[in-house]
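So you can see what is in the structure, the chains are spelled out below.
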Amino acid sequence: MAITAPGTVLQPGPAGPAVFPGTPVVPGVAYGPVIRPSGAVVLPGDDGVVVPEADRPVEKERFAAAAGVVADRLAERAGAATGVSAEVLATTAGLARDRGLLSAVEQRIDAGAPAAIATVQAAQQFVDLFTSLGGLMAERVTDVRDIRDRIVAQLTGQGEPGVPSPAVPSVLLADDLAPADTAGLDPARVIGLATRLGGTTSHTAIIARQLGLPCVVAVGGLDEVPEGVTVLLDGERGTVEVDPDPVEARARVDAARRAAAALAGYRGPGRTRDGVAVKILANVQDGAGARAAAAVHAEGVGLLRTELAFLGRAEEPSVEEQARGYAEVFTAFEGRRVVVRTLDAGSDKPLAFATAPDEANPALGVRGLRVARRDPGLLERQLDAVAEAARRTGSQPWVMAPMVATVPEAAGFAALVRDRGLVPGVMVEVPSAALLADRLLQHVDFLSIGTNDLSQYTLAADRLSADLADLTDPWQPALLALVQATAEAGRRADRPVGVCGEAAADPLLACVLVGLGVTSLSCAASSVAGVGARLAAVDADTCRRAADAALAAEEPHAARTAVRGVLGVD
Ligand SMILES: C=C(OP(=O)(O)O)C(=O)O
Ligand SMILES: [Mg+2]
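Residues numbered from 1 in each chain as written. Chains lettered and ligands numbered in written order. Predicted model: local features only at pLDDT ≥ 70, side-chain atom pairs only at ≥ 80, totals over all residues.

By the naming in an unreviewed UniProt entry, the protein chain is Phosphoenolpyruvate-protein phosphotransferase, taken from Geodermatophilus sabuli. The UniProt entry for the protein chain carries this comment under Sequence similarities (unreviewed entry): "Belongs to the PEP-utilizing enzyme family." Recorded in UniProt for the protein chain, the comment headed Cofactor (unreviewed entry) runs: "Mg(2+)". (UniProt positions renumbered as here; feature names shortened; annotations may be inferred.)

Below is the structure:
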């Protein structure tokens, strides 16, 4: 049966288990009973009750105590977690102690509102504010609602919202999860996660990747699967099968475990089974991330997302501060490749000192390299900082610009980079850049394909939209055709062409990308071994056949199935 959208059920009914397809995020297979997050917290409506003035101080104390309990619980979980999970839990705990929220609640209590209603109203004020700011700020709306629910539950004696702790290892199905819920998951009890919403770059996906928790997102129809039934979640195929054959299910779990164990031995360098070198690099945001990537045998950094270290800053960081940060990354990969991306501010990553807050359509607005039209000094100072860090560490970094759409943009950027003795390149994130790849390569030394944005602009679908996650799926044949065109331009010019979007983190798709002709893959550190080990098991000619099969498919699910067939993966 052909499918056209996520959620179409494959082969339902007596012929076999119902299979719900979605977007795979973290490989691994989980088999167990379904659990769901506990029901929504009942929020109080404003029934016009006014708290007498004399009781208002007590009401404020009740709020402070409830917020304190919520913050302490989350902080305790943060203390027991690591990495992104710990950061997310600590950030959510911090929100429960946020002075802005506290004073907004107190103002309402001073006006006579009971604590629970004051909490709901104050939280709504922040939800409206963050929603109007858009981009990454809008993503904080989920955190605000989560904290609101936790405090209201505490004030009104409802159970703590979130994920129950099951007695037997279980598969968690949810519409979406609050970041704190995902970060607080215990992988010994929750062995797999599928959500109806969310995309490959959502919080849920990022944290699941860090926890190594098999995960599928954007699974339509998931709400039809009742709690307690047994499911088989396959994080590589991107499916949830209801009530599968137990013998077959256990065999799939065992096979996935063996595959995971094989990864532990990955040491790099990246190459196909017949020895064709393909560098497996890491996407990092700072020195700590670079050191973690070096520890898992990444061969270098294929994407240093410089803007992430500066999110939330009101002022542009000084050249000295930037140089120190970049030098840390160069030192972690001394003598190896590090590709610095200049600030990619705008759209989903607004920076107070770089982007306009009031663009009607920020994804198509002044973002990435375009910010330099308004403020060329910002780019020049950043390049000075990269050059200074290179001088201090004796490195030869590559530097690339995001969101390049025209040949003159590439040429202008290359001149600024070469002036400082650095190696210039550009990202291919816009279809025009892929179409003009030959001509871009007359000016720059390398290209790096950002499949996250290239899919958004090729399929005209917002990469943050859960409803359109099937369109921004990196297995879309149109996206792969642009990757192929770009890689062929690189071959003609004898210049490297890498992929640094999320596509490179998918071990099967990585083989396809190599078959399309890309010369390096850059992904999250946690994906390096999976990608490297898979590639080491496939020879270059098979990668080419996999690429042909993926290009010939009509849509992502068919492409995955065809490639599994070519690679002999069941
Ligand atoms: C790597 C990319 O850049 P970012 O995800 O940071 O926009 C991309 O667009 O694929
Ligand atoms: Mg991008």
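Trainee: It is not clear to me how the overall build of the protein chain should be interpreted in this structure. Could you clarify?
Mentor: What the protein chain contains, in helices and strands, is 21 helices and 16 strands. Here the protein chain has a C-alpha radius of gyration of 25 Å; the compact-globule value for 570 residues is 25 Å, and the two agree. On the principal axes, the C-alpha backbone points of the protein chain span a range of 80 × 65 × 40 Å. By the burial criterion, 52% of the 570 residues in the protein chain qualify as buried. Sequence-distant contacts in the protein chain: of pairs separated by 6 or more residues, those separated by 24 or more amount to 67%. (Helix = DSSP H or I, 4+ residues; strand = E, 2+ residues; numbered from the N terminus. Rg over C-alpha atoms; globule rule 2.2 N^0.38 Å. Buried ≥ 20, exposed ≤ 12 C-beta atoms within 10 Å, placed from the backbone. Contact = placed C-beta atoms within 7 Å.)

Trainee: Could you clarify how one ought to interpret the sheet that holds strand 8 (residues 239-242) in this entry?
Mentor: Within a beta sheet, neighbouring strands are joined by backbone hydrogen bonds and run either parallel or antiparallel to one another. Pairing in this open sheet of 8 strands is mixed, and the strands run 1-8-7-3-4-5-6-2 from one edge to the other. At either margin of the open sheet sits one strand with a lone partner, and together these are strand 1 (19-21) and strand 2 (23-26). With direction set aside, neighbouring strand axes in the sheet form an average angle of 30°. Here 4 bridges tie strand 7 (residues 230-234) to strand 8, and the two strands are oriented antiparallel to one another. Bridge pairing links V231 to V242 in strand 8. Across the sheet, helix 8 (residues 246-263) lies against strand 3 (29-35) and strand 7, angled at about 125° from strand 3, the strand it touches most. (Pairing = 2+ DSSP bridges. Axes fitted to C-alpha atoms, helices over the stretch in contact; angles between N-to-C directions.)

Trainee: Please explain the UniProt feature "binding site: Mg(2+)" (unreviewed entry) in the protein chain as it appears in this structure.
Mentor: Mapped onto the present numbering, the UniProt feature "binding site: Mg(2+)" (unreviewed entry) falls on E429 and D453. Taken together, the annotated residues stretch across 25 residues yet fold into one region, lying no more than 5.2 Å apart by C-alpha. Relative to the helices and strands, E429 is located in the loop between strand 13 (423-428) and helix 14 (431-435). Apart from residues no more than four positions distant in its own chain, E429 is found in contact with P402, M403, G450, D453, L454 and Y457. Overall, the presence of 24 C-beta atoms within 10 Å leaves D453 in the buried class. Leaving out residues up to four positions away in the same chain, D453 has contacts with E429 and R463.

Trainee: Even after reading the chapter, I still don't get the domain arrangement of the protein chain, so can you show me in this structure?
Mentor: Interfaces are often sized by the accessible area lost when the parts come together. When its domains are assigned, the protein chain resolves into domain 1 (19-37 + 163-262), domain 2 (53-156) and domain 3 (265-567). Distance from the C-alpha centre of domain 2 to the C-alpha centre of domain 3: 37 Å. (Domains from an automatic or database assignment.)

Trainee: What exactly am I supposed to notice about the confidence of the model for the protein chain here?
Mentor: As a note on interpretation, predicted positions should not be read in detail where pLDDT is low. Per-residue confidence for the protein chain gives a mean pLDDT of 89; residues scoring 70 or more make up 95%. Contacts for the low-pLDDT stretch residues 1-14, under 50 throughout, to residues beyond four places or in other chains number 31 contacts. Interface confidence for the predicted complex, expressed as ipTM, amounts to 0.99; the pTM equals 0.72. (pLDDT = per-residue confidence, 0-100.)

Trainee: Could you clarify how one ought to interpret the sheet that holds strand 15 (residues 497-499) in this entry?
Mentor: The 8 strands are arranged 9-10-11-12-13-14-15-16 in a closed barrel whose pairing can be described as parallel. For this sheet, the mean angle separating the axes of adjacent strands, direction not counted, is 25°. Two elements, strand 9 (residues 279-284) and strand 10 (residues 300-305), share 3 bridges in a ladder whose sense is parallel. Note on strand 10: the bridge partner recorded for A282 is V301.

Trainee: How should I be thinking about the site of ligand 1 in this particular structure?
Mentor: Taken together, the neighbourhood of ligand 1 is formed by L303, R305, D344, E429, G450, T451, N452, D453, C500 and G501. Looking at the shell around ligand 1, the elements with two or more residues in it are strand 10 and helix 16 (451-458). Per-element accounting of the shell around ligand 1 gives the leading share, 3 residues, to helix 16. Taken together, the residues of the shell around ligand 1 break down into 2 nonpolar, 4 polar and 4 charged. (Near = placed C-beta within 6 Å. Nonpolar A, V, L, I, M, F, W, Y, C, P; charged D, E, K, R; others polar.)

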